[in-house]
Amino acid sequence: MKKLNIAMALLLSASANFALAGDAAAGKAKSAMCAACHGQDGVSMVPMYPNLKGQKEQYLISSLKAYKAGQRQGGMASTMQGMASGLSDADIENLAAYYSGL
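Keep in mind it's a predicted model, so treat the numbers as computed, not measured. (Residues numbered from 1 in each chain as written. Predicted model: local features only at pLDDT ≥ 70, side-chain atom pairs only at ≥ 80, totals over all residues. Heavy atoms only, no water.)

### Describing helix α6 (residues 89–100)
Across its 12 residues, α6 extends 16 Å between first and last C-alpha, which sits within 8% of the 16 Å expected from 1.5 Å per residue. Burial within α6 is extensive, with nine of its 12 residues counted as buried. Buried residues of α6: D91, I92, E93, N94, L95, A96, A97, Y98 and Y99, and no others. Of the surrounding secondary structure, the elements contacted by the buried residues of α6 are α2 (24–30), α3 (32–38) and α4 (57–68). (Helix = DSSP H or I, 4+ residues; strand = E, 2+ residues; numbered from the N terminus. Expected span 1.5 Å × (residues − 1). Buried < 20%, exposed > 50% of the residue type's maximum accessible area, 1.4 Å probe, protein only. Contact = heavy atoms within 4.5 Å.)

### Focus on the nonpolar core
By size, the foremost hydrophobic cluster in this structure holds 15 residues, and its most contacted members are L64, L87 and Y99. Broken down by secondary-structure element, the contributors of at least two residues to this core are α4, α5 (77–84) and α6. By residue number, the principal contributor to this core is α6, which donates five residues. Discounting chain neighbours no more than four positions away, the residues touching Y99 are S31, C34, G42, L52, K53, G54, Q55 and L60. (Core = buried A, V, L, I, M, F, W, Y, C linked by side-chain atoms within 4.5 Å.)

What follows is the structure in structure tokens.
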């Protein structure tokens, strides 16, 4: 019984993470501000800027939230913090859904 309860708890926690998937269409509409550095289709023309196309959704969410909170330092962190500071959690999830789906 204990193993069943643990398995159910893991399953519920995993499914809760997938339930947070954003709206890719809304993310596409919001992506114009990202395109200047990361490319119109999420593929950057500038070697120092990462490609966003095809990145894992959860990675993009955690990265944007870390930039927004000022938890990432160095490189372009100050620029990204400024960009992310105006994003809501829904915006972040939507952008992540869009770029991960490309």
